[in-house]
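Residue-level listing of the chains:
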Amino acid sequence: MDIVKIAAFGIAGTLLGILLKGQKKEYELFVTLGVSLCIFYFIMSKLELVLSVVNQMQEYVSLDTSYIAILVKMIGITYVSEFSANLCKDAGYQAVAGQIEMFGKLSILVISMPVLLVLLETIGEFLS
């Protein structure tokens, strides 16, 4: 039950941050950043498991490896942009967080263009 450990760790970090907020505001930010990085490390370990399952699925079904690579990149961009945007929001920089989220969305759009082009070609072949 890793979620219980992560939830308890997050709650403890939050309570410590609240306690430090009244005394030293900058310490609160460091505690939040430290807790967030630790939780992000646990997220990355779970992503390794997901990647191994995706590789097993690829062995069963013959898929082009470039599509799997695009999917993995999209997942990575999503997690990194969400993580960094939440840190910026917590520090009080909502405008920077919004820009990070926008850049992440645009990056996913750019990465998915080859898949969209193949889809349009396939539809065009069916209609011809």
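Residues numbered from 1 in each chain as written. Predicted model: local features only at pLDDT ≥ 70, side-chain atom pairs only at ≥ 80, totals over all residues. Heavy atoms only, no water.

Asker: Lay out helix H3 (residues 65-90) with the relevant residues and their values.
Answerer: Over its 26 residues, H3 extends 38 Å from the first C-alpha to the last, a length consistent with the 38 Å expected when each residue adds 1.5 Å. For H3, the complete set of buried residues consists of Ile68, Ile70, Ser81, Phe83, Ala85, Leu87 and Cys88. Here the buried face of H3 lies against helix H2 (25-60) and helix H4 (94-127). Looking one or two residues beyond H3, the residue adopting positive phi is glycine 92, at roughly 95°. (Helix = DSSP H or I, 4+ residues; strand = E, 2+ residues; numbered from the N terminus. Expected span 1.5 Å × (residues − 1). Buried < 20%, exposed > 50% of the residue type's maximum accessible area, 1.4 Å probe, protein only. Contact = heavy atoms within 4.5 Å.)

Asker: Go over H2 with me, naming the residues and quoting the values.
Answerer: Taking 1.5 Å of rise per residue, the 36 residues of H2 would be expected to cover 52 Å, and the 53 Å separating its terminal C-alpha atoms lies within 8% of that figure. Of all the positions in H2, only Glu28, Val31, Thr32, Val35, Ser36, Phe40, Leu47, Val54 and Gln58 are classed as buried.

Asker: Summarise the pattern of salt bridges; cite the residues concerned and give the values.
Answerer: Taken as a whole, this structure holds 2 salt bridges when the rule is applied. Across the pair lysine 46 and aspartate 2 runs a salt bridge whose closest N-O atoms are separated by 2.8 Å. Taken together, the residues span a long stretch of sequence, with lysine 46 in helix H2 and aspartate 2 in helix H1 (residues 2-21) at a distance of 44 residues. On the accessibility criterion, lysine 46 (45% relative accessible area) is partly exposed. Of the charged contacts, one joins glutamate 101 and lysine 89 as a salt bridge, the two residues approaching to 3.0 Å between their closest N and O atoms. Taken together, the positions of glutamate 101 in helix H4 and lysine 89 in helix H3 put the pair 12 residues apart, joining distant regions of the chain. When its relative accessible area of 22% is taken as the criterion, glutamate 101 is described as partly exposed. (Salt bridge = Lys/Arg side-chain N within 4 Å of Asp/Glu carboxyl O.)

Asker: A description of a nonpolar patch on the surface should follow, citing residues and the corresponding values.
Answerer: Together, Met102, Leu106, Leu109, Met113, Leu116, Leu117, Leu119, Leu120, Ile123 and Leu127 make up a nonpolar patch on the protein surface, roughly 960 Å² of accessible area in all. Note on placement: leucine 127 falls in helix H4. For leucine 127, a relative accessible area of 72% puts it in the exposed group. (Patch = residues over 30% accessible without salt bridge, like charges linked within 9 Å, V, L, I, M, F, W, Y side chains within 5 Å. Areas by Shrake-Rupley, 256 points an atom, 1.4 Å probe, with all protein chains shown as cover.)

Asker: So what's going on with the packing of H3 against H4? Residues and values would help.
Answerer: The geometry of H3 relative to H4 is characterised by a closest axis approach of 8 Å and an angle of 170° between their N-to-C directions. Judged by the inter-axis angle, H3 sits roughly antiparallel to H4. Considered class by class, the residues forming the contact of H3 with H4 number 14 nonpolar, 7 polar and 3 charged. (Axes fitted to C-alpha atoms, helices over the stretch in contact; angles between N-to-C directions. Parallel < 35°, antiparallel > 145°, perpendicular 65-115°, else oblique. Nonpolar A, V, L, I, M, F, W, Y, C, P; charged D, E, K, R; others polar.)

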